[in-house]
Each structure stands twice: as structure tokens, then as C-alpha cells.
Amino acid sequence: MTNRTRFALFLSLALLLPAAEQKPPKPPKSVRLYVFDCGTLKGLDPGIFHFKKEELANVDFVAVAYLIVHPKGTLMWDTGVIPDTAFKGDGAPVTQGISTATKPLLPQLAAIGYTPADINYLGLSHYHSDHTANANAFPNATWLVHPTERDAMFAEKPGGIIQQATFNKLKDGKTKILTDMDYDVFGDGTVVIKYAPGHTPGSQVLFVKLKKTGPILLAGDLYHYPEERFTDKTPTFEFNHEQSLASRAAIEAFLKQSKAKLWIEHDVATFNKLKKAPEFYE
Ligand SMILES: [Zn+2]
């Protein structure tokens, strides 16, 4: 091979490869939901949730992120507890405080064909740091947030359980302020953000209507444990206890009416039963 041929070959490969890498998968005909493993939180004090250890099937949390792929676009819902930047690339798990993750998030997305640039919308159930780890990772996404939540996130003296460094890029990024309370992301009723304040000032949950699986409600931290449901227990760090109980009542009524299944995000038993990406729900 002459140097010239070698160079031509290199050039054609260099031109071809990025294009091939950047092509997102074809939009599906109906909505899909992918579940990503973002780690665990161990050694939590059940007392801050007003439970005794023996009253809970599992005190630990799982950390989860979800990708919703609609025929018209993509929505990332929550982003894990450990930022991908904390992984050293040697395959070793990363531990920060009580949280450990074995897999970074973006490679899990890449494995199903999506780059961060392919994500059109970002929704956070709320701003606590076990949900925002990779919020800065989606440069093209429009952030869907309630004004009270955004204000709390960028307050000069923010409240607890917050890591502003994980979401600071959202401040000047594309943002859709959700003043209409609930928000129908793609306009056809299949992916709806439901306003559920209380856990934080503008916490929210996500309704996803799947053709085969049926309707699902991703509960964020409306509940942390199944044992919390139908009690008036909210954590000691709840932003507004009364508001949370009102949001829970409204969401429970919605569950009855919509027949949606409730997926408690941190619940180990729920998570263990779920299909994880690259498998998906549709
Ligand atoms: Zn949480």
C-alpha cells in the first residue's frame, strides 16, 4: 500500500466513522421505556423515614435512571447517584459516601445506541443528589422543571442532599418551565409529567403509557419504600409534609383512574423484578 492509498483510506475511515457513531436508532413505532442500573445506597437510617429496621423488607435503596423513547423524541428521567466522571475506566465500582455504582450511565445508553446528544428532554423527579449525578451530561436536552424546584436548586444557600456541581450546566441550558402543573411531553398523552410537590418544592412523577405493558407511574421519591404507602409517614428531610400527603392522595386517585402500575424508584424488590437495558418495556 502506498502512503497515498494509506492516507486516502485513513481519511475515508475518519470521515465515515463519526457519522456512523452519531446516528441514533430509528424512532420506534410506539413508546419504549429502558431501565438503567445506577447503583445502590446502603446503610441508610430507617429512622429518618420513621420506620424501624424490622418494619422494612429492605432498608437499602437502588438508584435508577430511565430512558423513554417516543416516536417523536427521547426523555431521560433521573440520572443516578454517582457521576460517570467519577469512574476510572478500569471497570471497578465507585463508592461515594453510602452510594456505590458498578456501571456508569452513558455506556449503558451507548449500548442501546444513544449518545448524550440524542437526548431531547431531561426530567428530574427532584433535585436530591441521588437523582442528579449525570444531569450535566445532556447538552441538547431541554430541561423540564417547575419554577419552585429550579429556584431551590440554584439558591445561594441551598438545602440539604444537593450537589449543585452535578447540575450546574442546567442553569443556562435549554429549559422549559412547567407552569401548567402537569405536562404532556410529546403532546399525545403517552408521556406525562405529573406535578407532585412536597418531597422537594417542585417534585414530580412520570406517567408513561406503554402499548404492550400498559400504563406505568415512575414515582420518583413520592415514596421510598412500599411500606410507606397508605401511611402518613414522610422522611424527616421532607420539604413540606402536608403538601406531600396531598400529592400522594392525588397520585393515588390518578393510579386508580388510570390503572397505572406504581414503580417506586428506590425500592429494591421493584427494581430486581424489572427488565434492565438493553431490554425494554413497550
Ligand atoms: Zn432519592
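Residues numbered from 1 in each chain as written. Predicted model: local features only at pLDDT ≥ 70, side-chain atom pairs only at ≥ 80, totals over all residues. Heavy atoms only, no water.

S.K.: Help me out: how do you make sense of the coordination of the zinc ion in this one?
M.R.: The reference angle at a metal is 109.5 degrees if four donors form a tetrahedron and 90 or 180 degrees if six donors form an octahedron. Those donors, D130 (OD), H131 (NE2), D221 (OD) and H266 (NE2), are the protein atoms that reach the zinc ion, and they lie 2.0 to 2.1 Å from it. In this structure, the zinc ion is surrounded by 4 donor atoms whose angles at the metal cover 87 to 160°, and the resulting shape is irregular. (Donors = N, O, S within 2.8 Å, 3.2 Å for Na, K, Ca; no water. Tetrahedral: all angles 85-135°; square planar, octahedral: opposite > 155°, others 65-115°.)

S.K.: Would you explain unusual backbone geometry in this entry?
M.R.: Glycine aside, residues mostly have negative phi, and peptide bonds are mostly found in the trans state. At the junction of A277 and P278, the peptide bond is cis and its omega measures out at 15° in the coordinates. Positionally, P278 belongs in the segment after helix 5 (268–273). Positive phi outside glycine occurs at D78, with the angle close to 65°. Within the secondary structure, D78 sits in strand 3 (residues 73–79). With a phi angle near 60°, K259 is a residue other than glycine that sits in the positive phi range. Mapping K259 onto the fold places it in the loop between helix 4 (241–258) and strand 13 (261–263). (Helix = DSSP H or I, 4+ residues; strand = E, 2+ residues; numbered from the N terminus.)

S.K.: Just checking my understanding: could you explain the pattern of salt bridges for this structure?
M.R.: Two side chains bearing opposite charge may form a pair once their charged atoms approach each other closely. Counted according to the given criterion, the structure contains 4 salt bridges. For E228, the salt bridge is made with R248, and the minimal N-O distance between the two is 3.1 Å. You can see E228 sitting in the loop between strand 12 (214–218) and helix 4 and its partner R248 sitting in helix 4, a full 20 residues away along the chain. Here E228 falls in the buried class, since its relative accessible area comes to 0%. The exposure class of R248 is buried, given its relative accessible area of 4%. (Salt bridge = Lys/Arg side-chain N within 4 Å of Asp/Glu carboxyl O. Buried < 20%, exposed > 50% of the residue type's maximum accessible area, 1.4 Å probe, protein only.)

S.K.: Would you mind showing me how to read the pairing of strand 10 (residues 191–195) here?
M.R.: For a regular strand, the rule is simple: side chains alternate between the two faces of the sheet. Of all 5 residues in strand 10, 4 are buried; the element is thus mostly enclosed. By the bridge criterion, 2 bridges tie strand 9 (residues 183–184) to strand 10 in an arrangement that is antiparallel. Each bridged residue has a counterpart across the sheet, and for Y183 the counterpart in strand 10 is I193. Hairpin connection from strand 9 to strand 10: 6 residues lie between these consecutive antiparallel strands, with G187 at a positive phi of about 80°. (Pairing = 2+ DSSP bridges.)

S.K.: Please explain the sheet that holds strand 13 as it appears in this structure.
M.R.: Within a sheet, adjacent strands bond to each other through the backbone by hydrogen bonds, running parallel or antiparallel. Read from one edge of the open sheet, 5 strands run 9-10-11-12-13, paired in mixed fashion. The sheet is open, and its two borders are formed by strand 9 and strand 13, each paired with just one other strand. Strand direction decides the pairing type here: strand 12 and strand 13, joined by 3 bridges, are parallel. Across the sheet, L218 pairs through a bridge with W263, a residue of strand 13. Relative to the sheet, helix 4 contacts strand 10, strand 11 (204–210), strand 12 and strand 13, its axis offset from that of strand 12 by approximately 170°. (Contact = heavy atoms within 4.5 Å. Axes fitted to C-alpha atoms, helices over the stretch in contact; angles between N-to-C directions.)

S.K.: What should I look at first to understand the packing of aromatic side chains in this one?
M.R.: Here a ring pair, both rings aromatic, is described through the centre-centre distance and the interplanar angle of the planes. Across all of its chains, the model carries 11 aromatic pairs by this definition. Feature note: the residues F49, F51, F61, Y225 and F237 constitute an aromatic cluster, connected by ring pairs. The ring of F254 has K194 lying over it, and the distance from NZ or CZ to the ring centre is 4.1 Å. The cationic tip of K233 hangs over the ring face of F51; the distance from NZ or CZ to the ring centre is 4.1 Å. (Phe/Tyr/Trp six-rings, centres within 6.5 Å; stacked < 30°, edge-to-face > 60°. Lys NZ or Arg CZ within 6 Å of the ring centre and 35° of its normal.)

S.K.: What am I meant to see in helix 4 here?
M.R.: An α-helical turn contains 3.6 residues, so any two residues separated by three or four positions project in the same direction. Between its first and last C-alpha atoms helix 4 spans 25 Å; for 18 residues at 1.5 Å apiece the expected length is 26 Å, and the two agree. Turning to helix 4, its buried residues number three or more, namely S244, S247, R248, I251, E252, F254, L255 and S258. Each buried residue of helix 4 lies within a common arc of 160° when the element is viewed along its axis, so the set occupies one face. Exposed side of helix 4, more than 90 degrees from the buried face: E242, K256 and Q257 are the residues found there. Where helix 4 is buried, its residues contact strand 10, strand 11, strand 12 and strand 13. Of the residues that open helix 4, the one with a side-chain oxygen 3.2 Å from the backbone nitrogen of E242 is N240. Note on helix 4: the residue one or two positions beyond its end, K259, has a positive phi of about 60°. (Expected span 1.5 Å × (residues − 1). Arc of directions from axis to C-beta. Polar contact = N/O pair within 3.5 Å; in protein donor to acceptor, adjacent residues only side chain to side chain.)

S.K.: Looking at this structure, I do not really get the nonpolar core. What am I missing?
M.R.: Among soluble globular proteins, nonpolar side chains are generally buried collectively. Counting residues in each nonpolar core, the largest one holds 41 residues, and the members touching the most others are F36, L67, M76 and L122. Mapped onto this core, the elements with two or more residues apiece are strand 1 (32–41), strand 2 (61–70), helix 2 (105–110), strand 7 (142–145) and helix 3 (147–153). Considering each element in turn, this core owes the most residues, 5 residues, to strand 2. Residues in contact with L122, not counting those within four places in the same chain, are L75, M76, T79, A135, F138, A141, T142, W143, L144 and L170. Counting residues in hydrophobic clusters, the runner-up holds 26 residues, among them L33, V35, W77 and L178. (Core = buried A, V, L, I, M, F, W, Y, C linked by side-chain atoms within 4.5 Å.)

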